[in-house]
Structures are given as C-alpha cells and as structure tokens.
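# Structural description and commentary
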Amino acid sequence: MTEHIKLMHIGETVSTNQWIRDYQGEKGCLMTVVSADYQTSGRGQGTNRWESERCKNLLVSFLIHPDNVPVARQFVLLEAAALAVTGTLSLYADGFRIKWPNDIYYKDSKISGTLSECNIGSKGITQCIIGIGININQQMFTSDAPNPISLAQILGAESDRKEILDQLIYSMEQYLHKVSEGQFDDIHTLYQQKLYRANGRHRYRDNNGEFRAEIENIKPNGHMILKREDGTLSEYAFKEVTFI
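Residues numbered from 1 in each chain as written. Predicted model: local features only at pLDDT ≥ 70, side-chain atom pairs only at ≥ 80, totals over all residues. Heavy atoms only, no water.

### Observations regarding empty space enclosed by the protein
Applying the stated criterion to the full structure yields 1 cavity of 30 Å³ or more. Quantified by volume, the largest cavity comes out at close to 50 Å³. Lining the largest cavity, in full, are Leu30, His65, Pro66, Asp67, Leu176, Val179 and Ser180. Tallied by class, the residues present in the lining of the largest cavity amount to 4 nonpolar, 2 polar and 1 charged. (1 Å grid on protein atoms, 1.4 Å probe; cavity = no way out; pocket = protein on both sides within 12 Å on 5 of 7 lines; lining within 4 Å. Points joined across faces, edges and corners; volume = space filled by probe spheres on them. Nonpolar A, V, L, I, M, F, W, Y, C, P; charged D, E, K, R; others polar.)

### Topic: the sheet that holds strand S10 (residues 224-228)
Across the sheet, 5 strands lie side by side as S11-S10-S9-S8-S12; this open sheet has antiparallel pairing. On the outer flanks of this sheet lie strand S11 (233-236) and strand S12 (242-243), each paired with one strand and no other. (Pairing = 2+ DSSP bridges. Helix = DSSP H or I, 4+ residues; strand = E, 2+ residues; numbered from the N terminus.)

### Overview of the sheet that holds strand S6 (residues 109-121)
Strand order across the open sheet formed by 7 strands is S1-S2-S3-S7-S6-S5-S4, with mixed pairing between neighbours. Edge positions in the open sheet fall to strand S1 (5-13) and strand S4 (96-99), since each of these has one partner strand only. Strand after strand, the sheet turns through a mean of 20° between neighbouring axes, direction not considered. Where S4 and strand S5 (residues 103-106) come together, 4 bridges link them in antiparallel fashion. Bridge pairing links arginine 97 to tyrosine 105 in S5. The sheet strands contacting helix H2 (residues 75-89) are strand S3 (58-64), S4, S5, S6 and strand S7 (124-134), and the helix crosses S7 at an angle near 30°. (Axes fitted to C-alpha atoms, helices over the stretch in contact; angles between N-to-C directions. Contact = heavy atoms within 4.5 Å.)

### Some details on helix H5 (residues 184-193)
Buried within H5 are the following residues: Phe184, Ile187, His188 and Tyr191. Buried residues along H5 cover an arc of 100° about the axis, so they all sit on one side. On the buried face of H5, the contacting elements are H2, S4, helix H4 (161-180) and strand S9 (209-218). (Buried < 20%, exposed > 50% of the residue type's maximum accessible area, 1.4 Å probe, protein only. Arc of directions from axis to C-beta.)

### Brief notes about the pattern of salt bridges
Inspection of the entire model under this criterion finds 12 salt bridges. Among the salt bridges present, the one from aspartate 185 reaches arginine 73, with a minimum N-O distance of 3.5 Å. Of this pair, aspartate 185 sits in helix H5 while arginine 73 sits in the loop between S3 and H2, placing them 112 residues apart in sequence. Under the relative-accessibility criterion, aspartate 185 is labelled exposed at 51%. A salt bridge links arginine 212 to glutamate 229; the nearest nitrogen and oxygen atoms lie 3.8 Å apart. Taken as a pair, arginine 212 in strand S9 and glutamate 229 in the loop between S10 and S11 lie far apart in primary sequence, 17 residues in all. For arginine 212, a relative accessible area of 37% puts it in the partly exposed group. Counted as one network, the salt bridges with shared partners bring together Arg203, Arg205 and Glu210. (Salt bridge = Lys/Arg side-chain N within 4 Å of Asp/Glu carboxyl O.)

### Details of the side chain of lysine 99
With respect to the helices, strands and loops of the structure, lysine 99 is situated in strand S4. Once you skip the residues sitting within four places of it in the chain, lysine 99 turns out to touch Tyr105, Tyr196 and Phe243.

Below, the structure is given as structure tokens:
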C-alpha cells in the first residue's frame, strides 16, 4: 500500500461511512480507507438497509481528496468507483455491469451498492466519502431486497475478502489518478461502455407510470437520457425513474 493511502480495519461499526466521517486521526493525502467485518446499521439508497452477514462480505468506505473536480463534474467520482468495483470483480468472473447510477449487477442480480457524500468548496469538490458494499461470501439473504447475489453464489466457492479489498483499493487509486489528471471524458466513456441495459428497450417507471425505453445517453452530470418508443427523449436525475 502506498504511503499516500491510510488503511484501517475495524470489527464492527454502525456504518463505515459514519465511522470515516467522524474519524479524527491521521489521514492519507490521496485517500483514507476503512473496512469492517460488520455494520449494525448499514444503509442502502434512501431508506433501504444493506444486508451483510458478519465477516462474509466487503464493507468499505473511502475518504478521498480529489484534485480539480468541479461541482458540475462530481459524478466522475462515482463513475470511477463503479469502474473500480466492476474491474475488481471482473478478475473473478465475466458479466458484471454498472446499473445507473452506481450499483453493480451480475446479469439481473445486484452484487454491490454504493453510497456517496461530497463536500463542496469554492474551487469544487473538497472531499468525498464513498461507501461500497460487495457481497462476497454470503450464501443466503433474508431481507426483502429483490435480487441480491454474491460472488460465492456465482463461483460456487468462497473468495479471500482481503485479496479483493487490496485489488479494489489499487483500482480506486488508479482511477483517482486519472481524475487528478483531468481524464473525465475517458472515465465517462468507460462508464457508459459498462452500463447494464446499455442496448435495447426495457421497462421503466416514472411518476407518470410505466413505459419502455432505451438508454440514449448518460450526461456528465449523471443524468440519464431515455429514448421512448415514440422517439421522445426524457431526462432523469437519480431516483426520478425506476428500472423494472
């Protein structure tokens, strides 16, 4: 691990995002990373809970200090994280895709979720906390989440969580260097190439009901453009449209 990365591991916490938000010790100049064996109140998006059996999965938060990221391009940090997760998991199996904006899917099942919170200053993003959960060795899920899957279920065998964490940190480091070099468009292109449901029409639902559409584009600010069957283009921010 390079000297500009501070790495910590804890047994149990409310959530790794909260832990790293409250952390007052020495920090890495590129990123500070905390992983945990168990979260008592791990969160998914909105009011959802992130289910994770003790010592079975990867629960990790990154506190990063990006260089020269304007507020309008902060989505590039989530793109970088999603690509890092996808790239890491792709070392073990094929078929992982990014479900907009930053979940990771294997076929039609969810293996990873991300929560982020960024601080904004006069010159752009000053720091960002990115919390990532990856289902590694859990074999059974008891929550009402509709479609969870783990790497163990895909491979038929357990994997080394520490090995996967090390690779994820390495991948995050490489993408953060690309961010610091201003390679926003390159990251954005790679992100779009990895999208779940990138081709063909699929079912969606917004406030006006259900419809079929294809992904026309993801804008650099993270908004998704859907092209409906009648050719109409609709733009959505996160949580304004649901995949069916």
